[in-house]
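# Notes for the structure review
Residue-level listing of the chains:
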Amino acid sequence: MPGNLLELSNRLRPALIAFFQRRLGDASLAEDLTQDLFCRLASGPQHVVDNPEAYIFRIAANLVNDHYRRETVRSHYQHGEMLSDGDIDRLDAARTLEARESIGQVAQILNGLPERTRHIFILYRLEGLQRKAIADVFGISVSAVEKHIATVMRTLLRDLGDQQ
């Protein structure tokens, strides 16, 4: 991937900045995290990735999660707050098992879809990317992105309905 890192940076930088800015609401932090992402890619181990766009957006999502974790810890430390046992929402085993089974069913259905359709759906529904940004990343029309998303939704509704 490092060989085409400059091309990926030029192509994905606007979508990544928008991705970070939507989640964090801070333009300068979005720029910083975008730069950090490409620095990590450049200095990290060099390996072949089948879908560099999905890989990069997964790293971006992890950077957002890391940022929120750091901010939460920093906030609790600054305010001297400590979580007590009363602050933890206890789930019973049946609810936990049911949720895991549902997630497993969705993951199984998604894994049965074509790779491109699956990645488009994940970027749209889980990562919250705009259809236009996804279309730019994949080099397709917004209409094509919408058709991929509709295909996944129909498949999920059909297959999850059959399982219940």
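### Let's talk about the overall build of the protein chain
A tally of regular secondary structure across the protein chain gives 7 helices and 0 strands. When its helices and strands are written in sequence order, the protein chain yields α-α-α-α-α-α-α. A buried classification covers 32% of the 164 residues belonging to the protein chain. Intrachain contacts of the protein chain at a sequence separation of at least 6 include 63% that bridge at least 24 residues.

### Overview of helix α2 (residues 27-43)
Spanning 17 residues, α2 covers 24 Å between terminal C-alpha atoms, matching the ideal 24 Å at 1.5 Å per step. The N-capping residue of α2, defined by a side-chain oxygen 3.1 Å from the backbone nitrogen of S28, is D26.

### Overview of the pattern of salt bridges
Scanning all chains against the criterion turns up 8 salt bridges. One salt bridge connects R40 with D36, and the closest N-O pair in it is separated by 3.3 Å. Remark: D36 and R40 occur in helix α2; sequence separation between them is 4 residues, near one turn of the helix. Two residues, K132 and D136, come together in a salt bridge whose shortest N-O distance is 3.0 Å. A residue pair is termed a helical-turn pair when its members lie 3 or 4 positions apart in one helix, as K132 and D136 do in helix α6 (residues 131-138) at 4 residues. When salt bridges with common partners are traced through the structure, they connect E7, R11 and E53 into a single cluster.

### Section: the packing of helix α1 (residues 5-24) against α2
Orientation of α1 relative to α2, taken along the N-to-C sense of each, is 140 degrees, at an axis distance of 8 Å. By the criterion of interaxial angle, the relationship of α1 to α2 is oblique. Where α1 crosses over α2, the two elements pack in a sense that is right-handed. On the side of α1, the interface is formed by L5, L8, S9, R13, L16, I17, F20, Q21 and L24, while α2 contributes A27, L29, A30, E31, L33, T34, Q35, L37, F38, L41 and A42. Partitioning the contact of α1 with α2 into residue classes produces 14 nonpolar, 4 polar and 2 charged.

### Focus on the packing of aromatic side chains
Under the definition given, this model contains 2 aromatic pairs. Here F19 and F20 contribute two aromatic rings whose centre-to-centre distance is 5.6 Å and whose plane-to-plane angle is 75 degrees, an arrangement assigned as edge-to-face. The exposure class assigned to F19 is buried, which follows from its relative accessible area of 0%. Ring plane angle 75 degrees and centroid distance 5.7 Å describe the contact between F19 and F57, whose orientation is recorded as edge-to-face. One end of the pair, F19, is in helix α1; the other, F57, is in helix α3 (residues 52-79), and 38 residues separate them in sequence. Judged by relative accessible area, which is 1%, F57 ranks as buried. An aromatic cluster is defined as three or more aromatic residues linked by ring pairs; in this entry it consists of F19, F20 and F57.

### Here's the deal with the side chain of E53
In this structure, E53 sits in helix α3. Here E53 is in contact with L8, R11, L12 and V137, once residues within four sequence places are set aside.

### Section: the side chain of H119
Note on placement: H119 falls in helix α5 (residues 115-126). A polar contact is formed between the side chain of H119 and the side chain of N51, at a distance of 3.3 Å. Apart from residues no more than four positions distant in its own chain, H119 is found in contact with N51, A54 and F138.

What counts and how
Residues numbered from 1 in each chain as written. Predicted model: local features only at pLDDT ≥ 70, side-chain atom pairs only at ≥ 80, totals over all residues. Heavy atoms only, no water. Helix = DSSP H or I, 4+ residues; strand = E, 2+ residues; numbered from the N terminus. Buried < 20%, exposed > 50% of the residue type's maximum accessible area, 1.4 Å probe, protein only. Contact = heavy atoms within 4.5 Å. Expected span 1.5 Å × (residues − 1). Polar contact = N/O pair within 3.5 Å; in protein donor to acceptor, adjacent residues only side chain to side chain. Salt bridge = Lys/Arg side-chain N within 4 Å of Asp/Glu carboxyl O. Axes fitted to C-alpha atoms, helices over the stretch in contact; angles between N-to-C directions. Parallel < 35°, antiparallel > 145°, perpendicular 65-115°, else oblique. Left-handed = near helix turned anticlockwise from the far one by under 90°. Nonpolar A, V, L, I, M, F, W, Y, C, P; charged D, E, K, R; others polar. Phe/Tyr/Trp six-rings, centres within 6.5 Å; stacked < 30°, edge-to-face > 60°.

Spatial relationships are all this shows, so hold off on functional conclusions.
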